[in-house]
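Read off the chains here:
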Amino acid sequence: MTERARAEGRAGVWSGSWVAERLGVELAGDDSLTGLLGLALRRNPKRAHLLVSNVLGKHVPQSPSVVHGHGVALGRRVGDLLGAETAGHAVVLGYAETATGLGHSVADGLGAAPYLHSTRRPVAGVRRAGGFEESHSHATSHLLLPEDPALLAGDGPLVLVDDEFSTGNTVLNTVRALHERYPRKRYVVVALVDMRSPADAGRLEDFAREIGARVDLVTAASGTVRLPPGVLEKGQELVARYEAGSAGAGAGSGAGGAVGRVSRVDLHWPAGIPDGGRHGFTAAHRERLENALPGMAARIADALPADARRVLVLGCEELMYAPLRLADALERTTDADVRYSTTTRSPVLAVDDPGYAIRTRLVFPAHDDPADGPGERYAYNVAGAGFDAVVAVVDSAADTPALHAPDGLLGRLAAHVPHVLLAVVPSYVPHAPHAPERPSMLPEPLRGPDFSSYASDEVGWLLQDFSDVTLEAPTEEREEAIQSGGAHYAESLPVEYQPSEQYQELFHAALDASAARLARAVGAVTEIVLAERSPRPVLVSLARAGTPVGILMRRWAQYRHGLDLPHYAVSIVRGRGIDANALRWLAAHHDPADVVFVDGWTGKGAITRELAAALRDFEVTDRVTGFNPEIAVLADPGSCVRTYGTRDDFLIPSACLNSTVSGLISRTVLRADLVGPHDFHGAKFYRELAGSDLSPAFLDAVSAHYPDVTDAVHAQAKELLAADRTPTWEGWAAVERISEEYGIDDVNLVKPGVGETTRVMLRRVPWKVLARAGAGPDLDHVRLLAEQRGVPVEEVDDLPYTCVGLIHPKYTRGATGADGKAVAF
């Protein structure tokens, strides 16, 4: 970015004009809207344009007093809306990563309100108070990790803060999840801009009536984006053209040019003050921080070069508030022109034009060991912006060798800025609470033939028997209750699908075709477990899909090594975690270090994450360590785990059926009126389906091939043990992309892979199936089910899975799809 270009930008050229002129995009609304927002482009088949805030401090360097001031002003408006007495009981919740600083500033404006922001960084020893998904984001799993579990449990207003209120999906999903757990009478949604379309405008009021609470909206400006016909295609072509050229003018990684000096400044950050709102930030914390800021700003000013006239304070992803307040204090301490922005996960096209919001882009690898795996990170509008110095503020968890590597953030900055100053804020780690007292006696595992059609030595079920309880609901009724927030999927059971004769023939054909392939995968994953995890592992399958795999692994260990391995099945529920009482039973009877959790396959990796988070919670509550969260699976098409037999996405026949290939056991149930705090989760034994049971036949068909595949397993296991099996999470990225492309707005409704797609067809209300072009017999059973249910199958190029099942995104019993068309069931 040249000095002339910066002058043009300051001279009044709107930073959205480049996109508006080329795509015909129009920003309509309040007069202040173009001052608050610019436009940029990203590769996205559903929405090519990106609204870029000029006052958020994320993509566009801005005066810190302006950034903080906008949040404080919104907070004061919330205080006026609530009244002093009610505002005194409010709690503020901000969204990671973009709105963590904005939310904290809103809390400042409210005065005494405690603040919490969601986080994508799980913290060992901290128990979750909740979590939710943000489907349009580049990393969707949000965790709520307050140090004080009672922070969200009060009945005062909850103030939810995001940078932009567009469809409202993220906020409504959050409120629905929290209201189920911590009901209250009032919510206030705060955003810098309200950009809802007319179609979305009434959803907030409808939602408030649905949950029986008041929901207000406070924003700084409002408007809409008007899009001409064909804008998506034009936007895609424009992005492709610029990416194919120079990846956007000025969008380089930072190689070449003079190398600046990198040094470190000690802030003397006060002990006990959190680095932000990840675990909660109270009025007492706020007072101590305010008192400490002038001294810390003075240390930064003293460490800067005397001739520095233009200084950027650069935060790091979720770490927005501490750098913002340091920048704000520095702005008052020095005569330099101080600006503030932060790094981000969001990939955006850079174009060096005064009418475009993202002028330059620095690219560097993540340096805080993110839970969802490695990836690129970005700093926008820093290179070429004329900064004499950059103060990079990171927390201690992000002060890693990757940060200091030649291609790391500091190296990228030093290639463009003469002086780089590193300031490290200590990552706040809450104190672990005392473990509560619990009953010492838990029941022994259930075993066949009294519970399940498996032999008693094949598996012990750490479950309750709910066989006499009516739990089934019609699929459509169940889907509506789940999506409306009225019920969790684990509180009821779908009516068991009874396969037609034609479908059973498909199952047997699939089993004949894949039994040897399955045997190789079983052998390979078992050999990896024995080599890397434990010579005598305790297999713990995740009921129910993991249970046949656990039995087959146990059989392989017995056949090949003469081992008689213990095997149990336990319940894990998305959003609720693993059965903690089952973990207590396992810890009382086995060394947790020997436990290997087993599942059938990975989809997008949601259960992988759920298990890891649940085990962290368990360490806090019970102070039991040693359980390894790494799941062993037969197939890992989503690249979510290190221990697998194959990463191919192929038909595992046990996915074709429900209980009749899983020991006649239902999926697990967790409902408050049936499962007490000291009980195992439950499941049903469908004894009445014994005439249709194929469970033993499935196991026998696969294990019969063990002698034939021994040499192949040895070679496959040797190859896998020598390979780099680091998870790439490419499946999760694909799910995010599909969710956004098809306008679903909830990654939980996207089920990737043959196994997950089959379960959608059997248990949920399917909308459509995406099939990889040219997919063969592995999809015969899916095509048959789709034909029976009137579900379209759409062939897609470049699909990383063989197929993906889409659950109906807006299901009611008078359902219309996201495309506005009725769907047949």
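Not measured: the values here are computed from a predicted model. (Residues numbered from 1 in each chain as written. Predicted model: local features only at pLDDT ≥ 70, side-chain atom pairs only at ≥ 80, totals over all residues. Heavy atoms only, no water.)

Student: So what exactly am I meant to see when it comes to the nonpolar core here?
Tutor: General note: in soluble globular proteins, nonpolar side chains tend to be found buried as a group. One finds Leu-41, Val-92, Leu-152, Val-159, Val-190, Tyr-356 and Val-391 to be the most contacted residues of the largest nonpolar core, which totals 111 residues. Setting aside residues no more than four positions away along its own chain, Val-391 makes contact with Ile-300, Leu-304, Val-311, Leu-312, Val-313, Leu-314, Leu-421 and Ala-423. Counting 58 residues, the second-largest nonpolar core is a separate cluster that includes Ala-515, Leu-689, Leu-694 and Leu-699. (Core = buried A, V, L, I, M, F, W, Y, C linked by side-chain atoms within 4.5 Å. Buried < 20%, exposed > 50% of the residue type's maximum accessible area, 1.4 Å probe, protein only. Contact = heavy atoms within 4.5 Å.)

Student: Is there a simple way to think about the pattern of salt bridges in this case?
Tutor: Close approach of charged atoms allows side chains with opposite charge to pair. Scanning all chains against the criterion turns up 36 salt bridges. A salt bridge links Glu-290 to Arg-325, with the nearest nitrogen and oxygen atoms 2.7 Å apart. With Glu-290 in helix α10 (residues 283–303) and Arg-325 in helix α11 (residues 321–333), this residue pair connects regions lying 35 residues apart in the sequence. Here Glu-630 and Arg-642 are joined by a salt bridge, their closest N and O atoms 4.0 Å apart. Placement of Glu-630 in the loop between α18 (606–622) and β27 (632–635) and of Arg-642 in the loop between β27 and β28 (643–646) is noted, with a sequence separation of 12 residues between them. Residue classification places Arg-642 among the partly exposed positions, given a relative accessible area of 30%. Each of the salt bridges in this network shares a partner with another, and the network as a whole consists of Asp-108, Arg-286, Glu-290, Arg-325, Asp-328 and Arg-332. (Salt bridge = Lys/Arg side-chain N within 4 Å of Asp/Glu carboxyl O. Helix = DSSP H or I, 4+ residues; strand = E, 2+ residues; numbered from the N terminus.)

Student: How should the pairing of strand β9 (residues 186–194) be read in this particular structure?
Tutor: Walk down a regular strand and you will see the side chains alternate between the two sheet faces. Of all the nine residues making up β9, nine are buried; the element is thus mostly covered by neighbouring parts of the structure. Examined bridge by bridge, strand β8 (residues 158–165) and β9 share seven bridges and lie parallel to one another. Its bridge partner lying in β9, Leu-158 is registered against Tyr-187. In this fold, β8 hands off to helix α7 (residues 169–181), which returns the chain to β9; that crossover is right-handed. (Pairing = 2+ DSSP bridges. Right-handed = clockwise from strand over helix to strand, strands pointing away.)

Student: Even after reading the chapter, I still don't get the environment of His-714, so can you show me in this structure?
Tutor: Mapped onto the elements of the fold, His-714 is located in helix α20 (residues 706–722). Residue classification places His-714 among the exposed residues on the basis of a relative accessible area of 55%. Measuring from C-alpha to C-alpha, the distance between His-714 and Arg-520 comes to 9.1 Å, with 194 residues separating the pair along the chain.

Student: In this structure, what is going on with the packing of helix α16 (residues 546–561) against helix α19 (residues 695–703)? I would like to understand it.
Tutor: Between α16 and α19, whose axes approach to 10 Å, the crossing angle comes to 40°. For the element pair α16 / α19, the angle class is oblique. Crossing geometry of α16 relative to α19 is assigned as right-handed. On α19, the residues that touch Pro-548, Ile-551, Leu-552 and Arg-555 of α16 are Phe-698, Leu-699, Asp-700, Val-702 and Ser-703. The residue inventory of the contact of α16 with α19, partitioned by class, reads six nonpolar, one polar and two charged. (Axes fitted to C-alpha atoms, helices over the stretch in contact; angles between N-to-C directions. Parallel < 35°, antiparallel > 145°, perpendicular 65-115°, else oblique. Left-handed = near helix turned anticlockwise from the far one by under 90°. Nonpolar A, V, L, I, M, F, W, Y, C, P; charged D, E, K, R; others polar.)

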